[in-house]
Amino acid sequence: MENEYILEMRHITKSFPGVTALDDVDLKLRPGEVLALCGENGAGKSTLMKVLAGIYQPDSDKGEIYYQGQRRIFKAPVEAKQAGIIMVFQELSLVMDLSVAENIYLGSLPLKHGRIDWKTLYEDARKVLAEIKCDVDPKTPIGSLPIAQRQMVEIARGIALGAKILILDEPTSSLTDKEKDVFFENIRELKQKGTSVIYISHKMDEIMEISDRAMVLRDGKASGDFATANTTIDEIIQCMIGRSISNYYIKNKAQPGEELLRVEGLCREGQYEDISFSVRRGEIVGLYGLVGAGRTEIVESLFGITRPSRGDIYYKGKKIQIRNSVQAVRHKMAFVPENRKEQGLVLGETCRKNISLVKLPWIKKGGFVDTAKTFEIYEEYRHKLKINAASSEQLTAQLSGGNQQKIVLGKWLAIQPDLLILDEPTRGIDIGAKADIHRFISQLAEEGMAVILISSEMPEIIGVSNRLLCIRDGRICAQLSGEDINEQRIINAIMNQPEDRSNPAAS
Ligand SMILES: Nc1ncnc2c1ncn2[C@@H]1O[C@H](COP(=O)(O)OP(=O)(O)OP(=O)(O)O)[C@@H](O)[C@H]1O
Ligand SMILES: [Mg+2]
């Protein structure tokens with residue numbers, strides 16, 4: 001009889017110095033099945049998938065992998081890849097300087113007379129991209145695309161390589177709802193063709209929507225296995241973190257204080273136009289819009305990373321011009337960027353050094369860094385953000401994705417900013433920790449901080465913002481507050497045809 005499973009992993013154990021990341025874990029997967037892998041930050045999800053993809057070896061011979069009925073040992077990623085096991089990494093692994101097409105076919109570029117056959121390359125790439133309804137030009141350099149589209153390209157790569165098992169490690173972390181729908185359509189089609197998908201995500205509603213089965217890891221052990229149709233989000237969360245979360249979002253109740261920031265008529269050609277708004281102390285102002293609407297570009301200008309071509313910025317009652325991020329930090333502004341690997345972390349440095357990095361100018365003694373202070377900062381934010389690291393001296397490269405994100409957040413909070421700008425701050429953070437972080441940010445606002453929050457997650461932006469600016473095509477298309485911050489109003493604002501008559505280009 002043919003085996004019901006395409007894959008069986010048995011007794012997988014994997015330790016790193018100081019941690020047992022996986023402890024005797026079993027996993028089974030059927031052809032055409034979508035298996036969700038759930039668990040808190042650091043539970044071992046990525047590690048388990050890296051063992052499957054040949055990046056790590058299990059610790060002992062007891063750990064076995066059966067694939068298509070045969071015992072297999074994947075000693076290197078290329079062996080797993082050739083067998084049809086393709087992993088799309090949590091931290092994207094694209095080469096920024098190369099084009100979309102080159103990235104898709106990296107390692108298997110079509111050749112003609114010993115040279116790259118560009119025509120075939122672009123044609124093939126266009127075909128796979130069309131298959132997943134992604135309309136980027138294959139010649140575009142990857143580095144110039146927003147993260148959401150980069151994720152699509154990673155998936156195209158999986159298809160081009162002929163995946164039998166596609167492993168997606170938090171693939172939708174930066175997609176908006178609409179992009180996610182297209183993405184799920186792609187997964188369903190792959191499933192129809194018999195491809196199995198292992199899906200890691202912290203978004204419980206997505207797990208319920210797309211998976212057939214959900215397996216839970218807790219502290220490196222398998223702690224539950226549910227048929228998705230017969231379970232509830234609460235049951236899975238309970239299994240993940242040992243408690244249920246009744247109220248995910250708590251709005252801050254502070255009375256807004258004095259105005260901290262005001263922008264008037266801010267423009268930057270091709271990115272955003274006529275942006276005017278203010279943020280008061282004690283206020284959390286959300287920016288919502290589709291990927292590419294200009295949200296990140298606006299806050300980058302506030303922080304001095306780019307210069308607006310027109311318009312004024314008033315901060316603490318004075319008109320200011322911020323030329324770079326060093327000046328912004330001196331003004332006690334903090335900016336937690338969207339992409340932690342490119343902008344947020346020095347991966348080869350320790351957790352302690354990373355988390356003290358922005359605060360350094362304040363903790364120098366006679367020209368030298370006050371080392372004792374760096375330990376204090378690490379301890380404070382490890383505790384406040386529940387950072388799960390082996391020690392203060394662990395390299396951040398070795399932390400789980402969610403814990404890396406917490407280090408980035410911690411290093412900015414450490415300067416006790418007056419203005420905190422957050423761009424997708426809880427990307428990759430598990431549901432328990434997320435609730436903690438929201439509560440923490442609300443508390444900081446109540447203590448007088450002003451917060452600008454960019455998030456693609458509707459529940460997050462609705463749950464946390466006191467006021468919400470909807471951004472479309474680089475413009476503010478609606479301002480909502482109080483009861484008006486709800487899904488319907490937001491969708492109307494984002495999707496509807498422009499009501500704005502002052503923009504002749506729109507008609
Ligand atoms: N290369 C490594 N060296 C040392 N420790 C590691 C390494 N990779 C992972 N770990 C540790 O193994 C544990 C499991 O990490 P893993 O990345 O598998 O978690 P995860 O479930 O994917 O979490 P997240 O949701 O945050 O991505 C963590 O404690 C992590 O710090
Ligand atoms: Mg992970």
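Small disclaimer: the values here were computed from a predicted structure and weren't measured.

Caption draft 1: Summary view of the environment of Ala-156. Among the secondary structure elements, Ala-156 is positioned in helix α5 (residues 147-160). Classification of Ala-156 as buried rests on a relative accessible area of 0%. For Ala-156 and Ala-130, which are 26 residues apart along the polypeptide, the C-alpha to C-alpha distance reads 9.2 Å. With residues up to four places along the chain from it excluded, the contact list for Ala-156 reads Ile-104, Val-128, Leu-129 and Ile-132.

Caption draft 2: Representation of the site of ligand 1. Lining the immediate environment of ligand 1, one finds 20 residues, of which Gly-42, Lys-45, Thr-47, Ser-400 and Gly-402 sit closest. Between ligand 1 and Thr-47 there is a distance of 2.5 Å, counted from an oxygen atom to a side-chain nitrogen or oxygen. Measuring from a nitrogen atom of ligand 1, one finds a side-chain N or O atom of Tyr-56 at 3.3 Å. Surface burial for ligand 1 is 91%, taken as the share of its 640 Å² of free accessible area covered by protein chains. Mapped onto the shell around ligand 1, the elements with two or more residues apiece are β2 (19-29), α1 (45-52) and α14 (401-413). Of the residues that constitute the shell around ligand 1, the class distribution is six nonpolar, twelve polar and two charged.

Caption draft 3: The sheet that holds strand β17 (residues 318-320), seen in detail. A sheet is described by the order of its strands in space; here four strands give the open sequence β14-β13-β16-β17, paired in antiparallel fashion. The strands lining the two open edges of the sheet, one partner per strand, are β14 (272-280) and β17. In this sheet, neighbouring strand axes are inclined to one another by 20° on average, regardless of whether the strands run parallel or antiparallel. Sheet analysis places strand β13 (residues 259-268) next to strand β16 (residues 310-315), joined by five bridges and oriented antiparallel. Note on β16: the bridge partner recorded for Cys-267 is Arg-310.

Caption draft 4: A look at the domain arrangement of the chain. Each domain of the chain was delimited in the assignment, giving domain 1 (7-241), domain 2 (246-332 + 417-501) and domain 3 (340-416). For domain 1 and domain 2, the distance between their C-alpha centres works out to 32 Å. At the interface, 22 residues of domain 1 touch 15 residues of domain 2. With both chains or domains summed, domain 1 and domain 2 bury close to 1400 Å², and 58% of this area falls on carbon and sulfur atoms.

Caption draft 5: View of the side chain of Asp-430. Along the polypeptide, Asp-430 turns up in the loop between β21 (419-423) and α15 (431-446). A polar contact is formed between the side chain of Asp-430 and the backbone nitrogen of Ala-433, at a distance of 2.9 Å. Discounting residues that sit within four places of it in the chain, Asp-430 has contacts with Gly-39, Glu-40, Asn-41 and His-202.

Cut-off values and rules
- Residues numbered from 1 in each chain as written.
- Chains lettered and ligands numbered in written order.
- Predicted model: local features only at pLDDT ≥ 70, side-chain atom pairs only at ≥ 80, totals over all residues.
- Heavy atoms only, no water.
- Helix = DSSP H or I, 4+ residues; strand = E, 2+ residues; numbered from the N terminus.
- Buried < 20%, exposed > 50% of the residue type's maximum accessible area, 1.4 Å probe, protein only.
- Contact = heavy atoms within 4.5 Å.
- Near = heavy atom within 4 Å.
- Polar contact = N/O pair within 3.5 Å; in protein donor to acceptor, adjacent residues only side chain to side chain.
- Areas by Shrake-Rupley, 256 points an atom, 1.4 Å probe, with all protein chains shown as cover.
- Nonpolar A, V, L, I, M, F, W, Y, C, P; charged D, E, K, R; others polar.
- Pairing = 2+ DSSP bridges.
- Axes fitted to C-alpha atoms, helices over the stretch in contact; angles between N-to-C directions.
- Domains from an automatic or database assignment.
- Buried area = accessible area lost by both parts, 1.4 Å probe.

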